[in-house]
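Letter by letter, the chains look like this.
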Amino acid sequence: MSCRKYPELEGRVALVTGSSRGIGRAIAVRLAREGARVVVNCRSSTGAAEAVVREIEDAGGEARLCVFDIADAEAVKEGIEELVKELGAIHILVNNAGVTSDNLLLRMKEEEWEKVVKINLAGTFNCTKAVLRGMIKQRYGRIINITSVVGEMGNAGQANYAASKGGIIAFTKSVAREVASRNITVNAVSPGFITTDMTSSLPEDVKSKMLESIPMGRYGEPEEVAAVVAFLASDEASYITGEVIRINGGLYM
Ligand code: NAP
């Protein structure tokens, strides 16, 4: 495949959670373009995930599908054990899958709180824990967690989402400290407002207000997030760990 920037990624196995669409899809496509053997994951949008696998294969890359709910610790463990049996190892984990369920705090139901924290934060814990032993044994790993500008600056109506994403930052730094001596880096990328299904469903007035607060005057594209993830997965980023890299057009600095 042409346009490779990080040839060292050739043959490395990369699991990208929530890669049936949006940012996860762009990350899967980018890592595959760099020569990685990509595992596309989703919970229920299997048709879309299969289309991502086909897209990668049609472009000459290698991909396979692995469906599990990241919030289900047992399913994650089984899914990842199966992958390791088939592919030999997991070198790169991108904890990307995430959801929102917005409401003002006084109106927020316990289920809305629990759903978002269970998928975004506990899901990141489940997947990281399931790959970590293998990474420690092979003395190599790259873990990249997708947090959010909202986890850094807060957002009215998103206390559950902000708490889950802020938690991911603290989680990233803690695990980075635990495994740094094993040649495993753990970093986070923090996107601002990126055009995906998650953001297209926001009301028009919220979107235009948001646009006014972005110094670059535009939303980001999933590929702009994928470029930073590919860098963090590469050997160029070998001495970066516990870091949070913002991709937000200046929205928060
Ligand atoms: P999206 O378009 O809504 O896609 C979400 C992906 O996650 C889908 O593939 C979805 O698949 C998967 N997913 C959701 N719950 C899952 C679960 N329990 N288990 C496995 N997969 C699951 O979202 P996006 O906008 O690309 O966002 C991707 C990540 O970036 C999220 O963590 C989000 O919080 C973060 N982020 C997004 C923005 C933005 O502006 N878009 C900004 C900052 C951070 P199924 O439909 O099959 O569940």
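The structure presented is a predicted model; accordingly, all values stated were derived computationally and were not measured.

Novice: Help me out: how do you make sense of the environment of Thr124 in this one?
Specialist: Residue placement: Thr124 occurs in helix H4 (residues 110-138). Residue class for Thr124 comes out buried when judged on its relative accessible area of 3%. Polar side-chain contacts of Thr124 include one of 2.7 Å to the backbone oxygen of Asn120.

Novice: Which parts of the structure should I look at to understand the site of the ligand?
Specialist: In the region of the ligand, 32 residues are neighbours, and Ser20, Ser44, Asn96, Tyr161 and Thr196 sit closest. Arg43 is positioned such that a nitrogen or oxygen atom in its backbone is 3.0 Å from an oxygen atom of the ligand. Coverage of the ligand by the protein amounts to 96% of the 890 Å² it exposes when considered alone. Broken down by secondary-structure element, the contributors of at least two residues to the shell around the ligand are helix H1 (22-33), strand S2 (37-42), helix H6 (159-179) and helix H7 (197-200).

Novice: Looking at this structure, how should I read unusual backbone geometry?
Specialist: Of note in this structure, Arg139 is not a glycine but carries a positive phi near 50°. With respect to the element layout, Arg139 can be found in the loop between H4 and strand S5 (141-146). Look at Asn183: it is not a glycine, yet its phi comes out positive at around 65°. On the basis of relative accessible area, Asn183 is assigned to the partly exposed category, the value being 40%.

Quick notes on the rules
Residues numbered from 1 in each chain as written. Predicted model: local features only at pLDDT ≥ 70, side-chain atom pairs only at ≥ 80, totals over all residues. Heavy atoms only, no water. Helix = DSSP H or I, 4+ residues; strand = E, 2+ residues; numbered from the N terminus. Buried < 20%, exposed > 50% of the residue type's maximum accessible area, 1.4 Å probe, protein only. Polar contact = N/O pair within 3.5 Å; in protein donor to acceptor, adjacent residues only side chain to side chain. Near = heavy atom within 4 Å. Areas by Shrake-Rupley, 256 points an atom, 1.4 Å probe, with all protein chains shown as cover.

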